[in-house]
Every structure is written in C-alpha cells, then in structure tokens.
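So you can see what is in the structure, the chains are spelled out below.
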Amino acid sequence: MKKGCFPVFLLMAGMMMSCGKKEDIIVEEPKVYAIDSGETGEGENTADGAEIPIPEGGDMSGTSGTDNGNGADEKAGNGNEASEENSVSGQSDENASGKKAGELSGYQAAYEALSIQCEAEDGTDLTYNLIDVDGSGVPELAAVRNGYYVSLYTWDAGNTYTLMDHWGYGAMGNAGYEYCPGKNSLRNYNTDYAGAILYTTYMKVGSQHTIDTVAEIVTYNFDNINGNGKPDEEEEGSMGFYSTSYINGTEATGEECAALNAGEYEFIQGVMSGEELRAKLKEIQ
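Predicted model, so just to flag it, every value in this text is computed and none were measured.

S.K.: Explanation requested: the pattern of salt bridges in the structure shown.
M.R.: Two side chains of opposite charge can pair, provided their charged atoms sit close to one another. Scanning all chains against the criterion turns up four salt bridges. Where Lys282 meets Glu112, a salt bridge forms, and the shortest distance between an N and an O atom there is 3.0 Å. Taken together, the residues Lys282 in helix H4 (residues 274–283) and Glu112 in helix H2 (residues 106–122) connect sequence positions 170 residues apart. Here Lys282 falls in the partly exposed class, since its relative accessible area comes to 40%. Among the salt bridges present, the one from Arg187 reaches Glu178, with a minimum N-O distance of 2.9 Å. This pair shows no difference in class: Arg187 is buried, exactly as Glu178 is.

Next comes the structure, spelled out in structure tokens:
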C-alpha cells in the first residue's frame, strides 16, 4: 500500500469526531447584492428585490459599477484587478467624490450594510472577520456562528457576492473551513466512520464568484481488503496501520497530495462583533 498523505494525528482527531456520512459541498449560484449609487439614499438592492438597509449617514456614492462577470482575483487568471477607488489604502476622509469624514463608501459601506442584514436574519450574536482569500486587494467578509456555520461574502466592481451561505461544520466529522491568505485556496477536512475515511477538499473562488472544487482527496486509514470502501469487521484491526489515498479517484502518493497545499492555512472564524466590525470598517477608510 502507498504511504498516506496525512499524519496519524489527523486520524486520531477524526476518531474523536462524531461518526457520520460525509456532507456534500453544494455550489450554488452566487447571490448578488447591487450597491446603490448613493443618489437616492434608499438602500442596497438584493437580487430578489429586497433592500439591504444602509446605516444612517452611510453614503454609497462612488461605488456603483457594472459587474463584468469576472472575479476580482488576478492570480486565478481572470485579469480583473481591484481598482484604485476600491483599494483599502490611499483614501482620505474627504476625497474627490465628495465623501464626508466618517461616511463609508466602496466595500466598507457594502459590508456595513450587509452585516446589519445578517444580524437582522441570524441574530446579533454573529461574529465577523475580514480575511484575504484571493489576494485581490479587497478583503472578504466572513459572518460566522463559531462551531456551527460560516457565511462568506466578496465585493467586486460595485457588487457584493455570496460565496458561502451558512455552510455548516462542527458535526458529522466536518472540522470547518480553512483558507490560505492571499493564495485563493480553501480547504476542508471531513471524516467518515470515526476517522477511518478522511476527505480533504481543496477549493478556490471562481471567476463567477462561486466556490469551485479543485480536488478531493479520499484517504482510507485501514486495509480495504474487499474494496467496498468502508471498514468491515474483519478490517477494523488494520485501522491506523494502513493508509491509501486517491485524488479525484486516482491513487496518489503522499507527495502528490501535499502538492495541493498552497501554504499555511487558517480556519475561517469570527473574531469581532457587529459593532466592532463596523468600527473597523470606518478605521480603514
């Protein structure tokens, strides 16, 4: 048997998780939230016509734009770089668009409004984080109920897109969702049969503002003698002594599996309350 891709401690961690079936990662069409130009001050309209409330004093001017259907990540091969006006750096309290001190524009205004909508739908105990998934120069917004689910949003050319919509974790062997900062690489570990089978899924933000699967590794941490893909009674004694991995169905070496890693990964988790998020958005204007 070929050497496995992952250290024994991953197996031990998997055994501590609840035994259950692998959760399918379903890629949905992204939800699009169009940014109001600020001329009416009425708010931000969702794709289904419902408004996202804009905080009092939140000017959305200078942020309107037509989405060209491409993602904001140049490294992913889309060729669509973040524009200067969307950049976190180089903005003064009062710029050429007439934005007054204390007012938000660009992704900051969009994320402020979006956080208020999230709290209206899911409660004020949500936590947030601004993370750099794709290295586009504009951070993604994570809205998280730690230990339960993750929602992830991105902003591009005047629109906010939903990348993850309440993706659950913390049960049925799902350890959560990780990202490699700035490398457009996400990773998820999931186990079956108390860690006897480990699923490792690598993903990226696609050009259509969706989470796309790059590769899935299935590691059998037992001697699958009869080839039925599950640990039978006569095979249970081999758990921890055998490990065979497959990348997208093809048997792979440990080196081939490790090559899918983009670098150091961090879990997507909330670190700020809604009030703290909105204060931070004002600081980085």
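S.K.: Whenever I open this one, unusual backbone geometry confuses me. Can you help?
M.R.: Where the residue is not glycine, phi is negative for most of them; where a peptide bond is considered, it is trans in most cases. Unlike most non-glycine residues, Ala157 shows phi in positive territory, near 50 degrees. With relative accessibility at 24%, the residue Ala157 sits in the partly exposed group. The backbone of Asn184 sits at a positive phi, close to 55 degrees, despite the residue not being glycine. Residue placement: Asn184 occurs in the loop between strand E8 (174–180) and strand E9 (185–192). Overall, Asn184 belongs to the buried group, its relative accessible area being 9%.

Procedures and definitions
- Residues numbered from 1 in each chain as written.
- Predicted model: local features only at pLDDT ≥ 70, side-chain atom pairs only at ≥ 80, totals over all residues.
- Heavy atoms only, no water.
- Salt bridge = Lys/Arg side-chain N within 4 Å of Asp/Glu carboxyl O.
- Helix = DSSP H or I, 4+ residues; strand = E, 2+ residues; numbered from the N terminus.
- Buried < 20%, exposed > 50% of the residue type's maximum accessible area, 1.4 Å probe, protein only.

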